[in-house]
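Letter by letter, the chains look like this.
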Amino acid sequence: MGKHKEKERRKKKKTTTPLEEEQELAHKYREIEDGNQSKAEEEPKLDVKIQTLGENPDKLSPVLGYFPSGYDPLEHQRKGGESEAEVKVKLYRNVKMTKRMELVVSPVGSSVDFVGTNYSGEATAPQLCTYGLGVLDKSTQTLRIVPVAGNKIFRLEPKVQGVHRQKSEVPEIVNQELTAEEKAEKARDLDKYSTKKQIRRDKKRDALRTKEDPEIQKQLDMKMKGIKINKEALEVAATAAATARNIPPHNLQATTPETAYPLDKIIFKGEWDYLLDILELPQTGGKVTSGVYPSFVCNRLHKLEDIEDEAERRQFACILSYITHLLKFRDKHSIDGVSSAKHHRIPGILSQKFSTMFGSDSKRLSDDKRDLLISYVLVLTLYADEFRSDVSDIAKDLRMNPISLRPHYLYLGCKLVSEKQKTLATLPLPLKFQDERKRKRARR
């Protein structure tokens, strides 16, 4: 019977002309198009409003689990079975480690449980993306997107009830929390996903934080035992340091203004790579605005375009950035400027340095530490203005009166000159400092 039908189909196919085949295909396409159009008319269109919800500490975000074995817990209900629940779902959370959760799905009448955790298996791999769950409410025409708990997807593996895993099967990460060093090591393992620039910065940061070799330290201690200490020289150095307090590193025998206050003693070698934010802003599409950067910096950005040498251009931009971080650190520890520094981020290497130099145990800086910070700012403004700096220009950013700022320049060995109704600070050589008593008298 089947062979007879096949012969008839072949005969019919042979007798059909190309024109008839084309007409038949066009007729079928028209039927499919009409069917799709009727379906589209039957399905109403929704103007949906999307609402994104954030994490709520008082409520647990949704938890998602999937069955790699292909088990479908709702298969019976799709086939028109009873509406009673065929599976029981339970979520467990660790009492001490609240971020650890375990999802258990138990089919009714079965001796197998499907278990998934967010702290073992594939959940321990680096999470390079986040997950969300969308719920459409047709009555209100609202699509709500909520984050998935812990940004984890539970892989539900089948486990026989009553059979526990052996200790050797439990990964070590389940039994103990990672230490700070282990977390840092895992973070360094992700460098392969970072840019080359970020990898270089991380290597330099690690080099700065590397502790001294104990063997080398022992050798140095042995050598120090055989060295005689000149107590008189130490006393002279201590007296000189006490006299020159609140003054950045300097050289009294300098023959040029650049060597009077050596720049490499103010900005250390490992800090230059963290001061490139002004140069990187045009690349990211950002702009230097007066609300983010001091007016002194904004008024000198045009000089970057005139500097042709790339090394000089980089140095000038880093000096402006260093001035910005110093001023923001001062504002952060003062009453009148704390709001301007609220959203400013100082690199960690500089923040630690400033805290050590100027102190940040209290909300306000002491008078001596504040004067020292001002001295660093003024020296860097001299570099930025080729050692002819307008006193009133930086006074605005320091929130000081230009007249009260003049003694600070004089204390650094500067000379004040009048030029075109402006008071400029210059740095004559050899470097000479004003007496501390005269300085206090001038400040009064």
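You'll find the structure just up there.
Everything in this summary refers to the structure shown in the same document. Note that the structure is a prediction, hence the values are computed from the model and not measured.

Definitions and cut-offs
Residues numbered from 1 in each chain as written. Predicted model: local features only at pLDDT ≥ 70, side-chain atom pairs only at ≥ 80, totals over all residues. Heavy atoms only, no water. Pairing = 2+ DSSP bridges. Helix = DSSP H or I, 4+ residues; strand = E, 2+ residues; numbered from the N terminus. Buried < 20%, exposed > 50% of the residue type's maximum accessible area, 1.4 Å probe, protein only. Core = buried A, V, L, I, M, F, W, Y, C linked by side-chain atoms within 4.5 Å. Contact = heavy atoms within 4.5 Å. Axes fitted to C-alpha atoms, helices over the stretch in contact; angles between N-to-C directions.

With that out of the way, let us pick up the pairing of strand β7 (residues 142-147). Examined bridge by bridge, strand β1 (residues 49-52) and β7 share four bridges and lie parallel to one another. Considered in β7, the bridge of Thr 52 is made with Ile 145. In the sheet, strand β6 (residues 132-137) pairs with β7 via six bridges, with the strands oriented antiparallel. The residue of β7 that forms the bridge with Leu 136 is Leu 143. Between β6 and β7, which pair antiparallel one after the other, the connecting turn spans four residues, and Gln 141 there sits at a positive phi close to 55 degrees.

Residue pairs three or four apart in sequence face the same way in an α-helix, which turns once every 3.6 residues. Regarding helix α18 (residues 402-411), the residues found buried are Leu 405, Pro 407, His 408, Tyr 409 and Tyr 411. Where α18 terminates, the next one or two residues include Gly 413, which has phi positive at roughly 90 degrees.

Further remarks concern unusual backbone geometry. The omega torsion across Leu 429 and Pro 430 is 0 degrees, close enough to zero to call that bond cis. With respect to the helices, strands and loops of the structure, Pro 430 is situated in the loop between β12 (422-426) and α19 (436-443). In this model, Phe 387 sits at a positive phi of 60 degrees, which is unusual for a non-glycine residue. As for its placement among the helices and strands, Phe 387 is situated in the loop between α16 (367-384) and β10 (388-390). The class of Phe 387 is buried, set by a relative accessible area of 10%. Phi angles above zero are rare outside glycine, and Lys 420 is one such case at about 55 degrees. Inspection of the secondary structure assignment puts Lys 420 in the loop between β11 (415-419) and β12.

The subject of this paragraph is the nonpolar core. Among the nonpolar cores identified, the biggest contains 57 residues, and Ile 267, Tyr 322, Leu 326, Phe 358, Leu 380, Ile 394 and Leu 405 are the most heavily contacted of them. Here the element with the most residues in this core is α16; it accounts for eleven residues. Excluding residues within four positions of it along the chain, Leu 326 makes contact with Phe 354, Phe 358, Leu 373, Tyr 376, Val 377 and Leu 380. Phe 67, Val 87, Met 101 and Ala 149 belong to the second largest nonpolar core, which has nine residues in total.

Turning to the sheet that holds strand β5 (residues 112-117), a few remarks are in order. Taken together, four strands build an open sheet; the order of strands is β3-β4-β5-β9 and the sheet is antiparallel. Two strands close off the open sheet at either side, each with one partner strand: β3 (87-93) and β9 (157-160). For this sheet, the mean angle separating the axes of adjacent strands, direction not counted, is 30 degrees. Two strands pair when backbone bridges link them, and β5 and β9 are joined in this way by four bridges, in the antiparallel orientation. Following the sheet pairing, Val 112 is matched in β9 by Val 160.

Attention shifts here to the sheet that holds β6. What the three strands build is an open sheet, ordered β1-β7-β6; its pairing is mixed. Where the open sheet ends on each side, the last strands, each with one partner, are β1 and β6. In this sheet, neighbouring strand axes are inclined to one another by 20 degrees on average, regardless of whether the strands run parallel or antiparallel.

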